[in-house]
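# Fold and contact review
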Amino acid sequence: MTRELLRFHAVTKTFASGQSQLVILEDLDFVLYSGTTVAITGKSGSGKSTLLNIAGGLDKPSAGSISFLGRELGALNDKELSAFRNRHIGFVFQSHILLDDFTALENVCVPALIRGVRQSDAVKRAKELLDRVGLSDRLQHRPQKLSGGERQRVAICRALVNAPDLIIADEPTGSLDEESSSGIEILLTDIVREEGKTLLMVTHDTQLASRCSTVYLLHNRTLQEMA
Ligand SMILES: Nc1ncnc2c1ncn2[C@@H]1O[C@H](COP(=O)(O)OP(=O)(O)O)[C@@H](O)[C@H]1O
Ligand SMILES: [Mg+2]
């Protein structure tokens, strides 16, 4: 059975540009089903990051609305929205946003501790995830001592620690060279599937995109499903 996780209802997003308005997304309808892996491709500047930010409640539409498990995100205040993101959504961005003064293990634990999970449980879950991505011998490393690819693997674990329903990944290998990036997006797709979660990811890798349930092209301010 497919359950609707996220829905864009006639979403329009504009940004002011001097006196005029830049229309980035226009009258966009989109449904994301639970348990699917969805890739979004499109030219630079086409609005992919804007779309993900709106999907994850980091930005608001100029018109239209977003519902997540049937709940209107626009009805939540900022505090409710942060709690909602912490519980339901894991983000992986292009470049790492790890805390430099914390070890890999501590970085992964942070969202769980914010959520109020017992420290011993957070550590257990974090260690399992870091082991899954091949970093069990890097638990005590700080981000500066990790390679770019290792940092993104830590970021993936951090996004997954609270077992969120949805993982949003914005070009997770965008800042890596080809060698370190190979495998990261595949790893992310595999773990999301193993955990029975849902993935919404922007990627340039068309081969990777073909491993996903559905691929969309963001073009002319809306999403087109690719054959
Ligand atoms: N906060 C903002 N204010 C004004 N313009 C913005 C803002 N964020 C993005 N844009 C513009 O919106 C367009 C789409 O940006 P973005 O979503 O980052 O594209 P992509 O991720 O596909 O490269 C770009 O032209 C960008 O300059
Ligand atoms: Mg972008």
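My aim in this report is to walk through the structure given alongside it, one point at a time.

Conventions and cut-offs
- Every chain is numbered on its own, with residues counted from 1 as its sequence reads.
- Both sets of labels track the order of writing: A upward for chains, 1 upward for ligands.
- Local features in this predicted model are restricted to residues of pLDDT 70 or higher, and side-chain atom pairs are both shown and tallied only at a pLDDT of 80 or more, whereas totals for entire chains, interfaces and linings draw on every residue.
- Definition of nonpolar core: a set of buried Ala, Val, Leu, Ile, Met, Phe, Trp, Tyr and Cys residues joined via C-beta atoms within 7 Å.
- Think of it as a crowd count around each C-beta: if 20 or more other C-beta atoms lie within 10 Å the residue is buried, if 12 or fewer it is exposed, and in between it is partly exposed, with C-beta placed from the backbone throughout.
- Strands are runs of DSSP state E lasting at least two residues, helices are runs of H or I lasting at least four, and both sets are numbered from the N terminus onward.
- In this description, a residue-residue contact is defined by the distance between C-beta atoms placed from the backbone, which must lie within 7 Å.
- The criterion for strand pairing is that DSSP finds at least two bridges linking the strands in question.
- For helices, the fitted axis covers only the stretch in contact; all axes are lines through C-alpha atoms, and the angles between them, taken along N-to-C directions, range from 0 to 180 degrees.
- Roughly parallel here means an angle under 35 degrees, roughly antiparallel means over 145, roughly perpendicular means 65 to 115, and every remaining angle is called oblique.
- Handedness of each helix crossing follows the sense of rotation of the near helix against the far helix: counterclockwise by less than a right angle gives left-handed, clockwise gives right-handed.
- Note on residue classes: Ala, Val, Leu, Ile, Met, Phe, Trp, Tyr, Cys and Pro are nonpolar, Asp, Glu, Lys and Arg are charged, and everything else, Gly too, is polar.
- Nearness is defined per residue: the C-beta atom, placed using the backbone, must lie within 6 Å of the molecule or strand.

## Here we look at the nonpolar core
Ranked by internal contacts, the top residues of the largest apolar core, which has 60 residues, are Val108, Ala126, Leu130, Ile156, Cys157, Ile167 and Ile168. It is helix α5 (residues 148-160) that contributes the most residues to this core, six residues altogether. Residues within four places of Val108 in sequence aside, it is in contact with Ala126, Leu129, Leu130, Val154, Cys157, Arg158 and Val161.

## With respect to the sheet that holds strand β8 (residues 198-202)
Strand order across the open sheet formed by six strands is β6-β7-β8-β3-β9-β10, with mixed pairing between neighbours. Only two strands of the sheet have a single neighbouring strand rather than two, namely β6 (89-92) and β10 (222-225). On average, adjacent strands in this sheet sit at an angle of 20° to one another, irrespective of strand direction. Summarising the sheet, strand β3 (residues 37-41) and β8 pair through four bridges and their orientation is parallel.

## Some points on the packing of α5 against helix α7 (residues 184-194)
The packing of two helices is summarised by the inter-axis angle and the distance between the axes. Interhelical geometry of α5 versus α7 gives an angle of 20° and a closest axis separation of 11 Å. One way to sum up the angle between α5 and α7 is to call them roughly parallel. α5 and α7 meet at a crossing whose hand is right-handed. Note on element contacts: α7 touches α5 through Ile184, Leu187, Leu188 and Ile191, opposite Gly149, Gln152, Arg153, Ile156 and Leu160. Grouping the constituent residues of the contact of α5 with α7 by class yields six nonpolar, two polar and one charged.

## What about the pairing of strand β2 (residues 20-33)?
Where strand β1 (residues 4-17) and β2 come together, ten bridges link them in antiparallel fashion. Across the sheet, residue Arg7 finds its bridge partner in β2, namely Val31. Turn length for the β1-β2 hairpin, with the two strands adjacent in sequence and antiparallel, is two residues, and the turn residue Gly18 shows positive phi of about 65°.

## Some thoughts on the sheet that holds strand β5 (residues 71-72)
Spatially, β2-β1-β4-β5 is the arrangement adopted by the four strands of the open sheet, whose pairing is antiparallel. Pairing within the sheet leaves two strands with one partner each, and these edge strands are β2 and β5. Helix-sheet contacts for helix α1 (residues 48-55) involve β1, β2 and β4 (63-68), and the interaxial angle to β1 is about 125°.

## Some remarks on the environment of Pro164
In this fold, Pro164 is placed in the loop between α5 and β7 (166-170). Judged by local crowding, Pro164 falls into the buried class, with 20 C-beta atoms found within 10 Å. Separated by 76 residues in sequence, Pro164 and His88 place their C-alpha atoms 4.4 Å apart. Residues in contact with Pro164, not counting those within four places in the same chain, are His88, Ile89, Gly90 and Lys197.

## Some words on the site of ligand 1
In the region of ligand 1, the neighbouring residues are Phe15, Leu22, Ile24, Gly42, Ser44, Gly45, Ser46, Gly47, Lys48, Ser49 and Thr50. Elements that contribute at least two residues to the shell around ligand 1 include exactly β2 and α1. Looking at which element gives the most residues to the shell around ligand 1, the answer is α1, with three residues. Here the residues of the shell around ligand 1 sort into three nonpolar, seven polar and one charged.

## As for the environment of Ala155
In this structure, Ala155 sits in helix α5. For the pair Ala155 and Ser46, spaced 109 residues apart in sequence, the C-alpha separation works out to 25 Å.

## As for the pairing of β8
Within β8, five of the five residues are buried, leaving the element largely enclosed by the surrounding structure. Along β8, one buried face is formed by Thr198, Leu200 and Val202 and the opposite face, lined by Leu199 and Met201, is buried too. Summarising the sheet, β7 and β8 pair through five bridges and their orientation is parallel. What sits directly across from Asp170, in β8, is Val202.

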